Amino acid sequence: MSRKKLQSIVNYEIVSENYLRRRQLKVGVGSLFLWGLGVGAVISGDFYGWNYGLIAGGFWGLAIATFLMAIMYICMVYSLAELSVALPHAGGFYSFTRNAFGPFWGYICGVAVTIEYVFATAAIIYSMSNYLKPLIDHFFPLPSYLIWLILYAIFVRICIQGMELSLYVSFWLTLVAIMVLGIFYVSMLAAGVFKPELLFNVPADPGQSATWLPKGWLGVFAAIPYAIWFYLAIEVLPVASEETQDVPKNMPTGLITAMFTLVVLSILTLVLNSGIGDGAVAIGQSSVPLSEGLEAYFGKGATNNTITAIALSLGLGVSLLTLIYSYGRILFALSRTGYIPRWISVTKNNTPYRALILGTVIGFVCVILVDAGSDAVDAVILNMSVLAALISYILVMLSYIKLKFSRAELKRPYESPLGIPGALIGTTLAIFALIACLSVPTYQVGIWGVITVIILATLYFFFSRNRLVAQAPEEAAALKK
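Rules used in this analysis
Residues numbered from 1 in each chain as written. Predicted model: local features only at pLDDT ≥ 70, side-chain atom pairs only at ≥ 80, totals over all residues. Heavy atoms only, no water. Helix = DSSP H or I, 4+ residues; strand = E, 2+ residues; numbered from the N terminus. Buried < 20%, exposed > 50% of the residue type's maximum accessible area, 1.4 Å probe, protein only. Contact = heavy atoms within 4.5 Å. Areas by Shrake-Rupley, 256 points an atom, 1.4 Å probe, with all protein chains shown as cover. Patch = residues over 30% accessible without salt bridge, like charges linked within 9 Å, V, L, I, M, F, W, Y side chains within 5 Å. Salt bridge = Lys/Arg side-chain N within 4 Å of Asp/Glu carboxyl O. Polar contact = N/O pair within 3.5 Å; in protein donor to acceptor, adjacent residues only side chain to side chain. Phe/Tyr/Trp six-rings, centres within 6.5 Å; stacked < 30°, edge-to-face > 60°. Lys NZ or Arg CZ within 6 Å of the ring centre and 35° of its normal. Core = buried A, V, L, I, M, F, W, Y, C linked by side-chain atoms within 4.5 Å. Expected span 1.5 Å × (residues − 1). Axes fitted to C-alpha atoms, helices over the stretch in contact; angles between N-to-C directions. Left-handed = near helix turned anticlockwise from the far one by under 90°. Nonpolar A, V, L, I, M, F, W, Y, C, P; charged D, E, K, R; others polar. Parallel < 35°, antiparallel > 145°, perpendicular 65-115°, else oblique.

Trainee: Explain the overall build of the protein to me, using residue names and the numbers behind them.
Mentor: The secondary structure content of the protein amounts to 18 helices and 2 strands. Out of the 481 residues belonging to the protein, those deemed buried represent 59%. Expressed as a percentage of contacts within the protein between residues at least 6 apart in sequence, the contacts between residues at least 24 apart total 85%. Counting every atom, the protein has about 18,600 Å² of accessible surface; 68% of that belongs to carbon and sulfur.

Trainee: I'd love a proper account of unusual backbone geometry, names of residues and values included.
Mentor: Not every positive phi belongs to a glycine, and Ala233 is a case in point at roughly 95°. For Ala233, the location among the structural elements is in the loop between helix 9 (216–228) and helix 10 (247–274). The phi dihedral of Asn349 is positive, around 55°, even though this residue is not glycine. Within the fold, Asn349 resides in the loop between helix 13 (302–337) and helix 14 (353–373). Under the relative-accessibility criterion, Asn349 is labelled exposed at 62%.

Trainee: Summarise a nonpolar patch on the surface; cite the residues concerned and give the values.
Mentor: Taken together, the side chains of Trp448, Ile451, Ile455, Leu456, Leu459, Phe462 and Phe463 make up a nonpolar region of the molecular surface, amounting to roughly 790 Å² of accessible area. Position of Phe462 relative to the elements: it lies in helix 17 (residues 444–463). Using a relative accessible area of 49% as the deciding quantity, one classes Phe462 as partly exposed.

Trainee: Which residues make up the side chain of Thr337, and what values do they have?
Mentor: Here Thr337 shows up in helix 13. The class of Thr337 is buried, set by a relative accessible area of 0%. A polar side-chain atom of Thr337 sits 2.9 Å from a polar atom in the side chain of Tyr94. Among the polar contacts listed, one links the side chain of Thr337 to the backbone oxygen of Ala333, at a separation of 3.0 Å. Not counting residues within four places of it along the chain, the set of residues in contact with Thr337 comprises Tyr94, Arg467, Leu468, Val469, Ala472, Glu474 and Glu475.

Trainee: Give me the environment of Glu292: which residues, what numbers.
Mentor: Along the chain, the position of Glu292 falls in helix 12 (residues 289–298). A relative accessible area of 36% places Glu292 in the partly exposed class. Along the sequence, Glu292 and Gly277 sit 15 residues apart, while their C-alpha atoms lie 7.4 Å from each other. Setting aside its immediate chain neighbours within four residues, Glu292 contacts Ile276, Ile283 and Ser286.

Trainee: Break down the packing of aromatic side chains for me, with residues and values.
Mentor: The full count for this structure, using the stated rule, is 24 aromatic pairs. Plain terms: the ring middles of Tyr126 and Trp148 are 6.0 Å apart, the flat faces sit at 45° to each other, and that makes the pair tilted. In this pair, Tyr126 sits in helix 6 (residues 103–139) while Trp148 sits in helix 7 (residues 144–161), placing the two residues 22 residues apart along the sequence. Taking 6.0 Å as the distance between ring centres and 70° as the angle between the ring planes, the aromatic pair formed by Phe184 and Tyr185 counts as edge-to-face. Here Phe184 falls in the buried class, since its relative accessible area comes to 0%. Among the aromatic residues, those joined into a cluster by ring pairs are Trp50, Tyr73, Phe93, Phe96, Phe230, Tyr231 and Tyr393. Positioned above the aromatic ring of Tyr19, the side-chain terminus of Arg23 is 3.8 Å from the ring centre.

Trainee: Tell me about the pattern of salt bridges, and please be specific about residues and values.
Mentor: What the rule picks out here adds up to 11 salt bridges. One salt bridge in this structure joins Glu13 and Arg342, with 3.0 Å as the shortest N-O distance. Here Glu13, found in strand 1 (residues 11–13), pairs with Arg342, found in the loop between helix 13 and helix 14; they are 329 residues apart in sequence, far enough to count as distant. In this structure Arg342 comes out as partly exposed when scored by relative accessible area, which is 22%. Between Lys404 and Glu415 there is a salt bridge, with its nearest N and O atoms 3.6 Å apart. A residue pair is termed long-range when its members are at least 10 positions apart, and Lys404 in helix 15 (residues 377–406) and Glu415 in the loop between helix 15 and helix 16 (419–439) qualify at 11 residues. Residues participating in the shared-partner salt-bridge network are Glu82, Lys404, Arg412 and Glu415.

Trainee: Tell me what's going on with the nonpolar core, and back it up with residues and numbers.
Mentor: Judged by nonpolar contacts, the single largest core of 166 residues is most densely connected at Tyr73, Ile228 and Tyr393. With 19 residues, helix 6 is the largest single contributor of residues to this core. When near neighbours in sequence (up to four residues on either side) are disregarded, Tyr73 contacts Ile228, Tyr231, Leu232, Ile234, Glu235, Met259 and Tyr393.

Trainee: Kindly report on helix 8 (residues 163–190), identifying the contributing residues and their values.
Mentor: With 28 residues, helix 8 should cover 40 Å at 1.5 Å per step; its first-to-last C-alpha distance of 40 Å lies within 8% of that length. Two residues or fewer past helix 8, Gly192 is found with a positive phi of approximately 70°.

Trainee: Kindly report on the side chain of Thr347, identifying the contributing residues and their values.
Mentor: Note that Thr347 resides in the loop between helix 13 and helix 14. Polar contacts involving the side chain of Thr347 include one to the main-chain carbonyl oxygen of Gln24, which spans 3.4 Å. Not counting chain neighbours up to four residues away, the residues in contact with Thr347 comprise Arg22, Arg23, Gln24, Leu25, Phe332, Pro352 and Tyr353.

Trainee: Explain the packing of helix 6 against helix 7 to me, and be specific about the residues and the numbers.
Mentor: Contact pair helix 6 / helix 7: the axes reach a minimum separation of 9 Å and the direction vectors enclose 115°. In the crossing of helix 6 with helix 7, the sense of the turn from one axis to the other is right-handed. Between helix 6, through Thr121, Ala122, Ile125, Tyr126, Met128, Ser129, Leu132, Lys133 and Ile136, and helix 7, the contact on the second element is made entirely by Ser144, Ile147, Trp148, Leu151, Tyr152 and Phe155. Its residues assigned to classes, the contact of helix 6 with helix 7 shows 11 nonpolar, 3 polar and 1 charged.

Trainee: Please give an account of the packing of helix 4 (residues 52–86) against helix 9 that cites residues and values.
Mentor: Axis separation between helix 4 and helix 9 bottoms out at 6 Å; the angle between their running directions is 65°. Relative to helix 9, helix 4 is oriented roughly perpendicular. Of the two elements, helix 4 crosses helix 9, and the hand of that crossing is right-handed. Of the residues in helix 9, those touching helix 4 at Tyr52, Gly53, Ala56, Gly57, Gly61, Leu62, Ile64, Ala65, Thr66, Leu68, Met69 and Tyr73 are Trp217, Gly219, Val220, Ala222, Ala223, Ile224, Tyr226, Ala227 and Ile228. For the contact of helix 4 with helix 9, a count of residues per class yields 16 nonpolar, 5 polar and no charged.

Structure representation (C-alpha coordinates):
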(Lines give C-alpha, C1' and ligand atoms only; values in the text may rest on other atoms or scores of the structure.)
Protein backbone atom coordinates (compact mmCIF):
# COMPACT_ATOMS: atom_id res chain seq x y z
CA MET A 1 0.00 0.00 0.00
CA SER A 2 1.39 3.44 -0.88
CA ARG A 3 2.07 6.11 1.69
CA LYS A 4 -0.73 8.19 0.17
CA LYS A 5 -3.26 5.42 0.77
CA LEU A 6 -1.92 4.93 4.28
CA GLN A 7 -2.51 8.59 4.96
CA SER A 8 -6.19 8.11 4.13
CA ILE A 9 -6.50 5.57 6.96
CA VAL A 10 -4.26 7.08 9.61
CA ASN A 11 -2.44 10.32 10.27
CA TYR A 12 1.30 10.54 10.89
CA GLU A 13 3.37 12.88 12.99
CA ILE A 14 7.09 13.55 12.96
CA VAL A 15 8.24 13.59 16.58
CA SER A 16 11.37 14.98 18.19
CA GLU A 17 14.44 12.87 18.96
CA ASN A 18 13.61 13.19 22.63
CA TYR A 19 10.38 11.23 22.08
CA LEU A 20 12.22 8.09 20.98
CA ARG A 21 15.03 8.70 23.48
CA ARG A 22 12.49 8.32 26.29
CA ARG A 23 11.29 5.05 24.75
CA GLN A 24 14.39 2.93 24.33
CA LEU A 25 15.09 -0.70 25.16
CA LYS A 26 18.50 -2.16 26.00
CA VAL A 27 20.34 -4.60 23.74
CA GLY A 28 21.89 -7.59 25.48
CA VAL A 29 20.01 -10.84 24.83
CA GLY A 30 21.85 -13.86 23.43
CA SER A 31 20.55 -17.13 21.97
CA LEU A 32 20.79 -18.97 25.31
CA PHE A 33 18.50 -16.52 27.06
CA LEU A 34 16.18 -16.48 24.05
CA TRP A 35 15.94 -20.26 24.36
CA GLY A 36 15.07 -19.80 28.05
CA LEU A 37 12.47 -17.16 27.18
CA GLY A 38 10.82 -19.38 24.56
CA VAL A 39 10.78 -22.59 26.59
CA GLY A 40 9.87 -20.74 29.78
CA ALA A 41 6.88 -19.03 28.20
CA VAL A 42 5.39 -22.39 27.23
CA ILE A 43 6.56 -24.92 29.79
CA SER A 44 3.59 -24.43 32.12
CA GLY A 45 1.62 -26.27 29.42
CA ASP A 46 3.39 -29.47 30.50
CA PHE A 47 2.14 -28.98 34.05
CA TYR A 48 -1.60 -28.59 33.46
CA GLY A 49 -4.32 -27.96 30.88
CA TRP A 50 -3.20 -30.41 28.17
CA ASN A 51 -4.69 -33.37 30.06
CA TYR A 52 -8.30 -32.28 29.48
CA GLY A 53 -7.72 -33.43 25.90
CA LEU A 54 -7.64 -37.01 27.23
CA ILE A 55 -11.34 -36.68 28.01
CA ALA A 56 -12.10 -34.98 24.70
CA GLY A 57 -10.37 -37.53 22.48
CA GLY A 58 -8.69 -40.24 24.54
CA PHE A 59 -4.91 -40.66 24.60
CA TRP A 60 -4.49 -41.47 20.93
CA GLY A 61 -6.91 -38.76 19.87
CA LEU A 62 -4.89 -36.22 21.86
CA ALA A 63 -1.64 -37.69 20.51
CA ILE A 64 -2.78 -37.14 16.92
CA ALA A 65 -3.95 -33.62 17.78
CA THR A 66 -0.59 -32.87 19.42
CA PHE A 67 1.25 -34.13 16.33
CA LEU A 68 -0.80 -31.81 14.10
CA MET A 69 -0.26 -28.81 16.37
CA ALA A 70 3.46 -29.53 16.61
CA ILE A 71 3.63 -29.34 12.80
CA MET A 72 1.68 -26.07 12.85
CA TYR A 73 4.02 -24.49 15.39
CA ILE A 74 7.17 -25.74 13.65
CA CYS A 75 5.97 -24.19 10.38
CA MET A 76 5.19 -20.94 12.17
CA VAL A 77 8.48 -20.83 14.10
CA TYR A 78 10.53 -21.10 10.91
CA SER A 79 8.44 -18.31 9.36
CA LEU A 80 8.94 -16.20 12.50
CA ALA A 81 12.69 -16.79 12.42
CA GLU A 82 12.82 -15.21 8.96
CA LEU A 83 10.44 -12.36 9.76
CA SER A 84 12.22 -11.51 13.02
CA VAL A 85 15.57 -10.92 11.36
CA ALA A 86 13.98 -8.98 8.49
CA LEU A 87 11.87 -6.80 10.84
CA PRO A 88 13.62 -6.90 14.25
CA HIS A 89 11.15 -4.79 16.20
CA ALA A 90 9.58 -5.03 19.66
CA GLY A 91 6.17 -5.10 17.97
CA GLY A 92 6.75 -8.70 16.85
CA PHE A 93 3.56 -10.04 15.26
CA TYR A 94 2.06 -6.55 15.03
CA SER A 95 5.12 -5.36 13.08
CA PHE A 96 4.97 -8.27 10.61
CA THR A 97 1.24 -7.88 9.93
CA ARG A 98 1.53 -4.08 9.78
CA ASN A 99 4.13 -4.35 7.02
CA ALA A 100 2.06 -6.87 5.09
CA PHE A 101 -1.52 -5.67 5.44
CA GLY A 102 -1.42 -2.10 6.69
CA PRO A 103 -2.09 -0.23 9.94
CA PHE A 104 -5.52 -1.64 10.81
CA TRP A 105 -4.66 -5.33 10.53
CA GLY A 106 -1.32 -4.73 12.20
CA TYR A 107 -3.15 -3.10 15.10
CA ILE A 108 -5.72 -5.93 15.30
CA CYS A 109 -2.93 -8.51 15.35
CA GLY A 110 -1.26 -6.53 18.15
CA VAL A 111 -4.52 -6.51 20.10
CA ALA A 112 -4.92 -10.29 19.62
CA VAL A 113 -1.38 -10.92 20.87
CA THR A 114 -2.01 -8.68 23.87
CA ILE A 115 -5.17 -10.65 24.71
CA GLU A 116 -3.20 -13.89 24.45
CA TYR A 117 -0.37 -12.79 26.75
CA VAL A 118 -2.48 -10.94 29.32
CA PHE A 119 -5.08 -13.70 29.63
CA ALA A 120 -2.57 -16.55 29.61
CA THR A 121 -0.82 -14.76 32.47
CA ALA A 122 -4.11 -14.45 34.33
CA ALA A 123 -4.82 -18.17 33.87
CA ILE A 124 -1.40 -19.06 35.28
CA ILE A 125 -1.89 -16.73 38.23
CA TYR A 126 -5.17 -18.46 39.00
CA SER A 127 -3.63 -21.93 38.76
CA MET A 128 -0.60 -21.00 40.87
CA SER A 129 -2.87 -19.68 43.61
CA ASN A 130 -4.74 -22.99 43.60
CA TYR A 131 -1.47 -24.84 44.22
CA LEU A 132 -0.20 -22.44 46.86
CA LYS A 133 -3.37 -21.51 48.75
CA PRO A 134 -3.54 -24.71 50.87
CA LEU A 135 0.07 -24.15 51.96
CA ILE A 136 -0.44 -20.46 52.69
CA ASP A 137 -3.69 -21.09 54.55
CA HIS A 138 -1.87 -23.52 56.83
CA PHE A 139 0.06 -20.56 58.27
CA PHE A 140 -2.15 -17.52 57.71
CA PRO A 141 -5.35 -17.69 55.63
CA LEU A 142 -5.53 -15.22 52.76
CA PRO A 143 -8.32 -14.55 50.28
CA SER A 144 -7.57 -15.69 46.72
CA TYR A 145 -7.54 -12.17 45.28
CA LEU A 146 -4.76 -11.18 47.69
CA ILE A 147 -2.66 -14.17 46.61
CA TRP A 148 -3.21 -13.13 42.95
CA LEU A 149 -2.09 -9.61 43.80
CA ILE A 150 1.04 -10.81 45.62
CA LEU A 151 2.05 -13.11 42.75
CA TYR A 152 1.54 -10.36 40.19
CA ALA A 153 3.52 -7.89 42.33
CA ILE A 154 6.51 -10.23 42.71
CA PHE A 155 6.90 -11.08 39.04
CA VAL A 156 6.09 -7.61 37.70
CA ARG A 157 8.69 -6.16 40.07
CA ILE A 158 11.31 -8.51 38.59
CA CYS A 159 10.39 -7.35 35.07
CA ILE A 160 10.45 -3.67 36.03
CA GLN A 161 13.87 -4.06 37.64
CA GLY A 162 15.36 -4.63 34.21
CA MET A 163 15.67 -6.82 31.15
CA GLU A 164 18.79 -8.58 32.45
CA LEU A 165 17.17 -9.66 35.70
CA SER A 166 13.96 -10.76 33.93
CA LEU A 167 15.77 -13.01 31.47
CA TYR A 168 18.28 -14.26 34.04
CA VAL A 169 15.52 -15.34 36.44
CA SER A 170 13.48 -16.73 33.53
CA PHE A 171 16.44 -18.80 32.33
CA TRP A 172 17.14 -20.38 35.72
CA LEU A 173 13.47 -20.98 36.47
CA THR A 174 13.20 -22.67 33.07
CA LEU A 175 16.03 -25.01 34.02
CA VAL A 176 14.32 -25.75 37.36
CA ALA A 177 11.03 -26.49 35.57
CA ILE A 178 12.79 -28.85 33.15
CA MET A 179 14.48 -30.51 36.14
CA VAL A 180 11.08 -31.06 37.78
CA LEU A 181 9.78 -32.61 34.57
CA GLY A 182 12.96 -34.68 34.27
CA ILE A 183 12.52 -36.05 37.80
CA PHE A 184 8.96 -36.96 36.88
CA TYR A 185 9.99 -38.74 33.68
CA VAL A 186 12.81 -40.72 35.30
CA SER A 187 10.66 -41.62 38.31
CA MET A 188 7.85 -42.94 36.14
CA LEU A 189 10.19 -45.12 34.08
CA ALA A 190 12.64 -46.27 36.76
CA ALA A 191 10.00 -47.38 39.25
CA GLY A 192 7.77 -49.13 36.76
CA VAL A 193 4.89 -46.77 37.55
CA PHE A 194 4.32 -46.11 33.85
CA LYS A 195 2.16 -48.80 32.18
CA PRO A 196 1.63 -48.57 28.40
CA GLU A 197 -1.69 -50.41 28.56
CA LEU A 198 -3.13 -47.46 30.53
CA LEU A 199 -2.84 -45.28 27.42
CA PHE A 200 -5.97 -46.90 26.05
CA ASN A 201 -9.30 -45.66 27.31
CA VAL A 202 -10.78 -48.23 29.66
CA PRO A 203 -14.29 -49.12 28.41
CA ALA A 204 -17.33 -48.84 30.64
CA ASP A 205 -18.30 -52.45 29.82
CA PRO A 206 -15.65 -54.91 31.07
CA GLY A 207 -16.59 -57.24 28.22
CA GLN A 208 -15.42 -54.78 25.59
CA SER A 209 -11.81 -54.22 24.55
CA ALA A 210 -10.03 -50.93 25.05
CA THR A 211 -10.25 -48.63 22.05
CA TRP A 212 -7.67 -46.52 20.25
CA LEU A 213 -10.07 -43.67 19.52
CA PRO A 214 -12.95 -43.83 22.03
CA LYS A 215 -14.48 -40.62 20.61
CA GLY A 216 -13.62 -41.42 16.99
CA TRP A 217 -12.03 -38.86 14.68
CA LEU A 218 -14.29 -36.18 16.13
CA GLY A 219 -12.39 -36.75 19.36
CA VAL A 220 -9.17 -35.76 17.59
CA PHE A 221 -10.91 -32.57 16.47
CA ALA A 222 -12.15 -31.89 20.02
CA ALA A 223 -8.67 -32.46 21.49
CA ILE A 224 -7.01 -29.81 19.29
CA PRO A 225 -7.56 -26.88 21.73
CA TYR A 226 -5.84 -28.80 24.52
CA ALA A 227 -2.92 -29.91 22.33
CA ILE A 228 -2.22 -26.23 21.62
CA TRP A 229 -1.42 -25.68 25.29
CA PHE A 230 1.79 -27.72 24.82
CA TYR A 231 3.19 -24.99 22.56
CA LEU A 232 1.18 -21.83 23.20
CA ALA A 233 3.37 -18.70 23.55
CA ILE A 234 6.57 -19.91 21.83
CA GLU A 235 5.86 -16.93 19.59
CA VAL A 236 6.84 -14.46 22.34
CA LEU A 237 10.45 -14.43 21.18
CA PRO A 238 10.07 -11.84 18.37
CA VAL A 239 9.07 -9.17 20.93
CA ALA A 240 12.65 -9.43 22.25
CA SER A 241 14.14 -8.59 18.83
CA GLU A 242 15.14 -5.02 19.71
CA GLU A 243 16.91 -6.32 22.82
CA THR A 244 18.74 -9.16 21.05
CA GLN A 245 22.41 -9.15 20.15
CA ASP A 246 23.21 -10.22 16.58
CA VAL A 247 19.57 -10.84 15.64
CA PRO A 248 20.28 -12.76 12.38
CA LYS A 249 22.26 -15.36 14.34
CA ASN A 250 20.64 -15.48 17.77
CA MET A 251 16.92 -15.14 17.02
CA PRO A 252 16.60 -18.12 14.62
CA THR A 253 18.79 -20.22 16.93
CA GLY A 254 16.71 -19.32 19.99
CA LEU A 255 13.38 -19.89 18.26
CA ILE A 256 14.20 -23.21 16.63
CA THR A 257 16.03 -24.79 19.58
CA ALA A 258 13.25 -23.73 21.95
CA MET A 259 10.60 -25.22 19.65
CA PHE A 260 12.26 -28.61 19.39
CA THR A 261 12.92 -28.66 23.14
CA LEU A 262 9.18 -28.18 23.65
CA VAL A 263 8.35 -30.95 21.17
CA VAL A 264 10.48 -33.41 23.16
CA LEU A 265 8.94 -32.31 26.47
CA SER A 266 5.40 -32.56 25.10
CA ILE A 267 5.94 -36.12 23.88
CA LEU A 268 7.41 -37.27 27.20
CA THR A 269 4.70 -35.53 29.23
CA LEU A 270 1.84 -36.79 27.08
CA VAL A 271 3.00 -40.41 27.07
CA LEU A 272 4.39 -40.83 30.58
CA ASN A 273 1.80 -38.76 32.44
CA SER A 274 -1.11 -40.50 30.68
CA GLY A 275 0.08 -44.01 31.52
CA ILE A 276 0.18 -43.85 35.31
CA GLY A 277 -2.19 -44.30 38.23
CA ASP A 278 -5.67 -45.11 36.99
CA GLY A 279 -4.77 -44.29 33.39
CA ALA A 280 -5.69 -41.71 30.78
CA VAL A 281 -9.30 -41.28 31.91
CA ALA A 282 -8.31 -40.42 35.50
CA ILE A 283 -5.45 -38.12 34.44
CA GLY A 284 -7.81 -36.35 32.06
CA GLN A 285 -10.06 -35.43 34.98
CA SER A 286 -7.25 -34.18 37.23
CA SER A 287 -6.62 -30.48 37.79
CA VAL A 288 -2.99 -31.33 38.72
CA PRO A 289 -1.94 -34.15 36.35
CA LEU A 290 1.77 -33.98 37.13
CA SER A 291 1.04 -34.11 40.85
CA GLU A 292 -0.89 -37.35 40.31
CA GLY A 293 2.21 -38.92 38.86
CA LEU A 294 4.54 -37.74 41.60
CA GLU A 295 2.14 -39.04 44.23
CA ALA A 296 2.00 -42.39 42.45
CA TYR A 297 5.75 -42.65 42.95
CA PHE A 298 6.49 -40.85 46.21
CA GLY A 299 3.16 -41.52 47.93
CA LYS A 300 0.79 -39.07 49.59
CA GLY A 301 1.62 -37.07 52.67
CA ALA A 302 1.92 -33.52 53.96
CA THR A 303 5.62 -33.24 53.15
CA ASN A 304 5.25 -34.67 49.66
CA ASN A 305 2.23 -32.47 48.99
CA THR A 306 4.21 -29.40 50.02
CA ILE A 307 7.20 -30.27 47.84
CA THR A 308 4.93 -31.08 44.91
CA ALA A 309 3.00 -27.81 45.23
CA ILE A 310 6.18 -25.74 45.35
CA ALA A 311 7.75 -27.60 42.43
CA LEU A 312 4.67 -27.22 40.27
CA SER A 313 4.33 -23.54 41.19
CA LEU A 314 7.90 -22.92 40.05
CA GLY A 315 7.04 -24.53 36.72
CA LEU A 316 4.10 -22.17 36.33
CA GLY A 317 6.12 -19.22 37.62
CA VAL A 318 8.59 -19.23 34.76
CA SER A 319 5.78 -18.94 32.20
CA LEU A 320 4.22 -16.21 34.29
CA LEU A 321 7.44 -14.18 34.26
CA THR A 322 8.08 -14.53 30.53
CA LEU A 323 4.50 -13.67 29.57
CA ILE A 324 4.56 -10.54 31.74
CA TYR A 325 7.80 -9.55 30.01
CA SER A 326 6.10 -10.15 26.66
CA TYR A 327 2.88 -8.18 27.17
CA GLY A 328 5.02 -5.33 28.44
CA ARG A 329 6.85 -5.25 25.10
CA ILE A 330 3.82 -5.51 22.82
CA LEU A 331 1.97 -2.77 24.73
CA PHE A 332 5.16 -0.69 24.62
CA ALA A 333 5.42 -1.09 20.83
CA LEU A 334 1.75 -0.26 20.16
CA SER A 335 2.04 2.80 22.38
CA ARG A 336 5.37 4.02 20.99
CA THR A 337 3.82 4.02 17.52
CA GLY A 338 0.68 5.82 18.71
CA TYR A 339 -1.97 3.11 18.29
CA ILE A 340 -2.71 3.37 22.00
CA PRO A 341 -1.90 6.34 24.28
CA ARG A 342 1.75 7.31 24.01
CA TRP A 343 2.36 7.77 27.73
CA ILE A 344 2.23 3.99 28.13
CA SER A 345 5.52 3.49 26.26
CA VAL A 346 7.77 5.71 28.37
CA THR A 347 10.66 3.66 29.75
CA LYS A 348 12.76 3.88 32.90
CA ASN A 349 16.17 2.20 32.93
CA ASN A 350 15.28 0.93 29.44
CA THR A 351 12.26 -0.92 30.85
CA PRO A 352 8.66 -0.24 29.71
CA TYR A 353 7.43 -0.08 33.30
CA ARG A 354 4.16 1.67 32.50
CA ALA A 355 3.21 -0.96 29.91
CA LEU A 356 4.05 -3.72 32.41
CA ILE A 357 1.87 -2.15 35.10
CA LEU A 358 -1.02 -1.51 32.70
CA GLY A 359 -1.07 -5.11 31.44
CA THR A 360 -0.93 -6.37 35.00
CA VAL A 361 -3.85 -4.23 36.14
CA ILE A 362 -5.94 -5.43 33.18
CA GLY A 363 -5.11 -9.08 33.92
CA PHE A 364 -5.85 -8.73 37.63
CA VAL A 365 -9.21 -7.10 36.96
CA CYS A 366 -10.10 -9.80 34.42
CA VAL A 367 -9.39 -12.59 36.90
CA ILE A 368 -11.64 -10.92 39.49
CA LEU A 369 -14.45 -10.35 36.98
CA VAL A 370 -14.36 -13.89 35.58
CA ASP A 371 -14.10 -15.33 39.09
CA ALA A 372 -17.25 -13.45 40.03
CA GLY A 373 -19.19 -14.72 37.03
CA SER A 374 -17.97 -18.27 36.40
CA ASP A 375 -16.98 -21.42 38.23
CA ALA A 376 -14.48 -22.36 35.51
CA VAL A 377 -12.22 -19.34 35.84
CA ASP A 378 -9.04 -20.79 34.37
CA ALA A 379 -10.93 -22.44 31.49
CA VAL A 380 -12.67 -19.21 30.40
CA ILE A 381 -9.47 -17.15 30.61
CA LEU A 382 -7.37 -19.82 28.93
CA ASN A 383 -9.88 -20.23 26.11
CA MET A 384 -9.73 -16.51 25.35
CA SER A 385 -5.94 -16.71 25.22
CA VAL A 386 -5.97 -19.68 22.80
CA LEU A 387 -8.56 -18.11 20.49
CA ALA A 388 -6.69 -14.81 20.32
CA ALA A 389 -3.43 -16.67 19.67
CA LEU A 390 -4.90 -18.57 16.71
CA ILE A 391 -6.19 -15.35 15.17
CA SER A 392 -2.69 -13.88 15.39
CA TYR A 393 -1.10 -17.06 13.96
CA ILE A 394 -3.31 -16.92 10.87
CA LEU A 395 -2.55 -13.23 10.35
CA VAL A 396 1.20 -13.58 10.78
CA MET A 397 1.62 -16.60 8.49
CA LEU A 398 -0.47 -14.89 5.82
CA SER A 399 1.80 -11.89 6.36
CA TYR A 400 4.85 -14.06 5.73
CA ILE A 401 3.39 -15.21 2.42
CA LYS A 402 2.33 -11.70 1.42
CA LEU A 403 5.73 -10.16 2.25
CA LYS A 404 7.50 -12.77 0.13
CA PHE A 405 5.81 -11.15 -2.87
CA SER A 406 5.15 -7.54 -1.87
CA ARG A 407 8.48 -6.94 -0.10
CA ALA A 408 10.87 -9.08 -2.10
CA GLU A 409 13.56 -6.42 -1.57
CA LEU A 410 13.39 -6.82 2.21
CA LYS A 411 16.74 -8.05 3.51
CA ARG A 412 16.42 -11.54 4.98
CA PRO A 413 19.73 -12.65 6.55
CA TYR A 414 17.94 -15.86 7.54
CA GLU A 415 15.39 -17.60 5.30
CA SER A 416 13.03 -20.36 6.38
CA PRO A 417 13.90 -23.72 4.77
CA LEU A 418 10.15 -24.42 4.67
CA GLY A 419 9.39 -21.22 2.76
CA ILE A 420 5.90 -20.45 1.48
CA PRO A 421 4.77 -24.13 1.49
CA GLY A 422 5.55 -24.32 5.22
CA ALA A 423 3.61 -21.12 5.90
CA LEU A 424 0.66 -22.45 3.88
CA ILE A 425 0.64 -25.69 5.88
CA GLY A 426 0.86 -23.72 9.13
CA THR A 427 -1.97 -21.40 8.08
CA THR A 428 -4.21 -24.33 7.10
CA LEU A 429 -3.62 -26.06 10.43
CA ALA A 430 -4.22 -22.80 12.33
CA ILE A 431 -7.57 -22.33 10.57
CA PHE A 432 -8.40 -25.97 11.32
CA ALA A 433 -7.50 -25.40 14.99
CA LEU A 434 -9.59 -22.21 15.14
CA ILE A 435 -12.62 -24.07 13.79
CA ALA A 436 -12.01 -26.81 16.36
CA CYS A 437 -11.98 -24.25 19.18
CA LEU A 438 -15.12 -22.55 17.90
CA SER A 439 -16.93 -25.89 17.88
CA VAL A 440 -16.20 -26.72 21.53
CA PRO A 441 -19.15 -25.67 23.75
CA THR A 442 -16.90 -24.70 26.67
CA TYR A 443 -15.22 -22.12 24.43
CA GLN A 444 -18.41 -20.13 23.83
CA VAL A 445 -17.84 -17.68 26.69
CA GLY A 446 -14.26 -17.18 25.57
CA ILE A 447 -15.40 -16.53 22.00
CA TRP A 448 -17.68 -13.73 23.12
CA GLY A 449 -14.93 -12.34 25.32
CA VAL A 450 -12.45 -12.13 22.44
CA ILE A 451 -15.08 -10.70 20.06
CA THR A 452 -16.00 -8.04 22.60
CA VAL A 453 -12.40 -6.93 23.09
CA ILE A 454 -11.70 -6.81 19.34
CA ILE A 455 -14.88 -4.80 18.66
CA LEU A 456 -13.94 -2.29 21.35
CA ALA A 457 -10.39 -2.12 19.98
CA THR A 458 -11.72 -1.54 16.46
CA LEU A 459 -13.95 1.29 17.63
CA TYR A 460 -10.97 2.84 19.41
CA PHE A 461 -8.86 2.60 16.26
CA PHE A 462 -11.38 4.48 14.12
CA PHE A 463 -12.55 7.05 16.66
CA SER A 464 -9.48 7.83 18.79
CA ARG A 465 -7.88 9.91 16.02
CA ASN A 466 -4.42 9.22 17.46
CA ARG A 467 -1.55 10.16 15.19
CA LEU A 468 0.96 7.47 14.43
CA VAL A 469 4.66 8.14 14.94
CA ALA A 470 6.43 8.01 11.58
CA GLN A 471 9.86 7.37 13.13
CA ALA A 472 8.76 4.41 15.27
CA PRO A 473 10.67 1.35 13.96
CA GLU A 474 7.59 -0.62 12.92
CA GLU A 475 6.05 2.28 11.00
CA ALA A 476 9.37 3.50 9.56
CA ALA A 477 9.96 0.06 8.05
CA ALA A 478 6.43 -0.06 6.56
CA LEU A 479 6.63 3.44 5.10
CA LYS A 480 9.80 2.62 3.14
CA LYS A 481 7.87 0.64 0.54
